[in-house]
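# Geometric and topological summary
Each chain, letter by letter, is given below.
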Amino acid sequence: MRTLAQLMENLMHWEQYPKMLQGMVQLLEKWILSEKDWEREKALNLCLGVMQTYVRSVGVCNPLKLEHFGTLAGLIAPCTCDPHERIRVASIDVLSSLLDLHACQTSSLAGTSKKEELLVCKEDLGSGNNERIFGASARISKLVCVAFSCEEMVSLTRKLCKNMGARDLQHDKASVTWIDTFLQMRVKELEDKVAEVLSTILDRLRRVDHPEVRRHLIEGILLLAHHHQDAVLTLLLMQPLPMESHLTEVWLAVLEDMRFARTILHALVGRLQCPFSTHTNAMSKTDICRPVTVDPLMLVCTIHLLMKKMDQDDSLTDLLPEVVYTLLLQFGSSPWLEAVSPDQKMWHLVYSGAVPRDIKLQRAVIKCIKSLLLRVKREGLMTGLEEQDTWRRLLENSTSFLEGIALLTRLCLTNMGSHHRQQLSQLVLKGMDSDVLTCRMISTAMCVELMRSPILQQEKLLKPALLLLESGVDHEDEVLRVFSLRALGNMAHGSPKKVRKYRKRLLKKFVCCLREPSSIYVASEGMASLTKILPELREWDLGSTFDTISRQCRTFFESENELLRQNAFVLFGKLAGVVRITKRHLFKREVKKAWVPLMLHCLDPCACTAKACMETISQCLRFRGFSDLEMVHGQSSACMEDGTFFLWTTCELLTQTKPAAVYDLFLETIRYVESSSSLVRIAACKLTGIILDRMPVRYLQKLDFLELRNKFQELQLDEADGMLSAALNTLGILEECSQHGLGAHQE
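The present account deals with the structure reproduced in this document. Counting starts from 1 at the beginning of each chain's written sequence and moves along it residue by residue. Residues qualify for local features only when their pLDDT is at least 70, as the model is predicted, and side-chain atom pairs are given and counted only at 80 or more; totals for whole chains, interfaces and linings, by contrast, use all residues. To get the side-chain values, all heavy atoms of the structure are used, and hydrogens and water are removed first.

### Details of the packing of aromatic side chains
To be explicit about the condition: Aromatic pairing here means that ring centres of Phe, Tyr or Trp (its six-membered ring) are within 6.5 Å. Orientation follows from the plane angle: under 30 degrees is stacked, over 60 is edge-to-face, and everything else is tilted. Only DSSP runs of H or I covering at least 4 residues are called helices, and only runs of E covering at least 2 are called strands; the numbering of each starts at the N terminus. Relative accessibility under 20% of the residue-type maximum defines a buried residue, over 50% an exposed one, and the middle range a partly exposed one, all with a 1.4 Å probe and only protein chains included.
Applying the stated rule across the entire model yields eight aromatic pairs. Taking the centre distance of 5.6 Å and the plane angle of 80° together, the rings of Phe557 and Phe572 count as edge-to-face. One end of the pair, Phe557, is in the loop between α30 (545-555) and α31 (562-578); the other, Phe572, is in helix α31, with 15 residues separating them in the sequence. For Phe572, a relative accessible area of 0% translates into the label buried. The interplanar angle of 25° and the centroid separation of 5.5 Å between the aromatic rings of Tyr663 and Tyr699 together place this pair among those described as stacked. Pair noted here: Tyr663 is in helix α36 (residues 659-669) and Tyr699 is in helix α38 (residues 697-700), with a separation of 36 residues, a long-range link.

This is how it looks when you write it as structure tokens:
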């Protein structure tokens, strides 16, 4: 052994460079970490000899790189708690020499107090008391931490973590003691080194089994998170899915301090909001990855894990509106139902049971919302969501998804307190002002329900909401325009007294959608919204827009789209209810032009459209001078259920009261059998048969039965479904009428 020491000393004299010292220490490292006491002891004594030789001969002339000080100290530090006394004593001698060399190179004063402290520590290390030994090691670590720079302490931490598990538990406990000291004393200075330190600790945490050692490492991570939250969260969230056990353990440790857990939860929610924000806040320079680069699924997984394990706490309730709103935004973070995590595997440690193949962000969001509602004891809301099949709506397709958003919002408003409703309203309006289309779309879908309730008026948010919705109506996206119009129309439900105040702005937007319909859905929604607000207005409130609305309504009567036809008929009927004196003459002309199309669409294949037509006709009878029919229609519920029966009853009553009107109706109806729309041709054919069946004989004598017979025989060749049977039925009625007409003529 003496010979080996002499050889190493000679080599140090011969090769007077730091590389030689590093090479010597690397050579001895294997034995310093040996399980045999005598090998560790001899290796440390050799290391001490080499160190002292280097300090005496070349330490100042050829300085050692600062990062190498940390590596050397990290190798020797755990030996201060070695079970063997002589090894502990030798280790402090090596560290003392290292500190002397460091003081020489950095021109810092070692100080008598530091040397005295090392002597006291050396004495404690020589004792057999385990508590004194670890206490001494901790004091030595403080002396080293004060002397070394942050960069040196990072390399020391790296070395300590690397060698964990190479020896026994005592060795690992000493390592985490030094790491704890470093983080507690220098954590605020680590701004540029957080990622490196955290990566080192996480990598070691993955491989350490002993609970006490793991606990110390996790506490170190939490300490970093307290002082460098953005950087730590970024690195933790960049870990792959499925979430590994050590990462789960870190997140669960956050829950031990509920105040800190709320802070972290709020930060995670903020990360989810970041891609949808209009103005992204400046991030710390330690945040090496922008939040937008973090997989949203990982964020949702983490929030779900925290929610699932949190105790039921009333303080968590404050986060309910923000968390629900932010999670719903994730449905729009990627193309519809195409958001797939880079790692399709589920996080086994968060969810139990079989892993579904088609797991997607949206399903994770739903699980997260459910966990939150359970934590905050919102069983009523949960029950309502389940009963109304909200979750299926959110996942089924793009149309049902937005309906599901609106339904969920409605249930939230019903089951939330006023403070939470206010919070949700503010969040929704903020989202409607976003530059991100999906955020605006989802927020506007939620605003549809907010406008249905009085909350916006109560919180003095109605005017800003109106401005944002008007902007949505002018947007190029069709879906956003439709939901903006729907929300504006809902003002009649939530703030009916404000409709007249804002009538000019509302009418301008609605009428514009009718005058220049870029889409049938936009036009349809415009009419539906007009229908909602008309009961809150008076005839003079409409002004010149009344003419436009009534005229444009008629242009949609022949539309191929069922919903567009239906909304046009309903709106026309509502207009009839608004008319008093000023617009009576004008609307009378419009009703006359619309009369036959209204009659025809009582036979519309869409039951809702047919019913809308019958109701509209009942409302418009007074403008045709048929007030007597209005009473009969109102008394007979069966009359309003079947289009054919309704038309038969109407023609029967007209025959009794105004027979000339039946003949006029026939002359107008017969022109529609040549319509380009197959639906109109079939309806015209059926209505002609009904009119002929009820027409007085004296008017039958005016008809050219031969021409009519030829016309309906030609219609039998029409390939439209249902036309053949309609034509045959009308021909049968025509034959009976011709006999009655001829018989009466002969008499």
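Once you've had a look at it, read on.
### Here we look at a positive patch on the surface
Our working rule: Think of a patch as exposed residues, more than 30% relative accessible area, with no salt bridge, where like charges cluster within 9 Å and nonpolar side chains (Val, Leu, Ile, Met, Phe, Trp, Tyr) cluster within 5 Å. The accessible surface values rely on the Shrake-Rupley method and a 1.4 Å probe; as for residues, cover is taken only from the protein chains in view. A carboxyl oxygen of Asp or Glu within 4 Å of a side-chain nitrogen of Lys or Arg is what we treat as a salt bridge. Residues counted as positive are Lys and Arg, residues counted as negative are Asp and Glu, and His and the chain ends are not counted. Every charge is mapped to an atom, namely NZ of Lys, CZ of Arg, CG of Asp or CD of Glu.
Together, Arg515, Arg551, Arg589 and Lys593 make up a positively charged patch on the protein surface. Inspection of the secondary structure assignment puts Arg551 in helix α30. Residue classification places Arg551 among the partly exposed positions, given a relative accessible area of 40%.

### As for helix α8 (residues 150-162)
Given 3.6 residues per helical turn, the α-helix brings residues three or four places apart onto the same face. To keep it simple, the criterion reads: Expected span, for any helix, means 1.5 Å times one less than how many residues it has.
Over its 13 residues, α8 extends 18 Å from the first C-alpha to the last, a length consistent with the 18 Å expected when each residue adds 1.5 Å. Taken across its 13 residues, α8 has ten buried, putting it largely inside the fold. When α8 is considered as a whole, its buried residues turn out to be Cys150, Glu152, Met153, Val154, Ser155, Leu156, Thr157, Lys159, Leu160 and Cys161.

### As for the packing of helix α22 (residues 437-452) against helix α25 (residues 478-489)
So the rule is basically this: Fitted lines through C-alpha atoms give the axes, limited to the stretch in contact for helices. The angle between two N-to-C directions lies from 0 to 180 degrees. Angles are sorted into four bins: roughly parallel if under 35 degrees, roughly antiparallel if over 145, roughly perpendicular if 65 to 115, and oblique for all others. By definition, any crossing whose near helix is turned counterclockwise from its far helix by less than a right angle is left-handed, and any crossing with a clockwise turn is right-handed. Residue contacts are defined here by distance: any two heavy atoms, one from each residue, within 4.5 Å place the two residues in contact. Residue classes follow a fixed rule: Ala, Val, Leu, Ile, Met, Phe, Trp, Tyr, Cys and Pro count as nonpolar, while Asp, Glu, Lys and Arg count as charged, and any other residue, Gly among them, counts as polar.
Two numbers describe how α22 lies on α25: the axes approach to 8 Å, and their chain directions differ by 20°. With respect to their mutual orientation, α22 and α25 come out roughly parallel. Considering only the axes of α22 and α25, their crossing is left-handed. Contacts from Leu437, Arg440, Met441, Thr444, Ala445, Cys447, Val448 and Met451 of α22 reach α25 at Val479, Leu480, Phe483, Ser484, Arg486, Ala487 and Leu488. The residue inventory of the contact of α22 with α25, partitioned by class, reads eleven nonpolar, two polar and two charged.

### Side note on helix α11 (residues 211-227)
The end-to-end C-alpha distance of α11, which contains 17 residues, comes to 25 Å, matching closely the 24 Å that a straight helix rising 1.5 Å per residue would cover. Those residues of α11 lying buried are Val213, Arg214, Leu217, Ile218, Gly220, Ile221, Leu222, Leu224 and Ala225. Structurally, α11 contributes buried residues whose contacts are with α9 (169-186), α10 (194-205), α12 (229-237), α13 (245-254) and α14 (258-273).

### Let's talk about the pattern of salt bridges
This model, assessed by the stated rule, comprises 37 salt bridges. Between Arg486 and Glu525 there is a salt bridge, with the nearest N and O atoms lying 2.9 Å from each other. Of this pair, Arg486 sits in helix α25 while Glu525 sits in helix α28 (residues 520-533), and the two are 39 residues apart along the sequence. For Arg486, a relative accessible area of 26% puts it in the partly exposed group. One continuous salt-bridge network, built from bridges that share partners, spans Asp37, Arg40, Asp82, Arg167 and Asp168.

### Some thoughts on the environment of Glu449
Along the chain, Glu449 turns up in helix α22. Sequence separation of Glu449 and His493 is 44 residues, and the distance between their C-alpha atoms is 9.9 Å. Once you skip the residues sitting within four places of it in the chain, Glu449 turns out to touch Ala406, Thr409, Arg410 and Leu413.

### A word on the side chain of His304
Going by this rule: Any N or O atom pair separated by 3.5 Å or less is treated as a polar contact, with the protein-specific requirement of one donor-capable and one acceptor-capable atom, and with residues adjacent in sequence counted only for side-chain atom pairs.
Looking at the secondary structure, you find His304 in helix α15 (residues 296-309). Reaching out from His304, the side chain makes a polar contact with the side chain of Ser371 at a distance of 3.0 Å.

### Examining the nonpolar core
Put simply, the rule reads: We define a nonpolar core as any set of buried Ala, Val, Leu, Ile, Met, Phe, Trp, Tyr and Cys residues linked to one another through side-chain atoms lying within 4.5 Å.
Counting 252 residues, the largest nonpolar core has Trp251 and Phe587 as its most contacted members. Excluding residues within four positions of it along the chain, Phe587 makes contact with Phe546, Ser550, Phe572, Leu575, Ala576, Val579, Cys620 and Phe623.

### Quick look at unusual backbone geometry
The linkage connecting Leu241 with the following residue, Pro242, adopts the cis geometry, with an omega of 0°. With respect to the helices and strands, Pro242 occurs in the loop between α12 and α13. We note that Lys377 has phi near 60°; this positive angle belongs to a residue other than glycine. With respect to the helices and strands, the residue Lys377 is situated in the loop between α17 (361-375) and α18 (379-387). According to the relative accessible area criterion, Lys377 is partly exposed, its value standing at 45%. One non-glycine residue, Lys460, lies in positive phi territory at about 60°. Within the element layout of this structure, Lys460 appears in the loop between α23 (455-458) and α24 (462-473).

### Side note on the environment of Arg698
With respect to the helices and strands, the residue Arg698 is situated in helix α38. Assessed through its relative accessible area of 51%, Arg698 is described here as exposed. With 39 residues separating them along the chain, Arg698 and Pro659 place their C-alpha atoms 9.7 Å apart.

### Regarding the side chain of Arg565
Mapped onto the secondary structure, Arg565 falls in helix α31. Only 2.9 Å separates the side chain of Arg565 from the side chain of Asp604, close enough to count as a polar contact. If we ignore the near neighbours within four places in the chain, the residues touching Arg565 are Phe556, Phe557, Ser559, Glu560, His601, Asp604, Cys606, Thr609 and Leu679.

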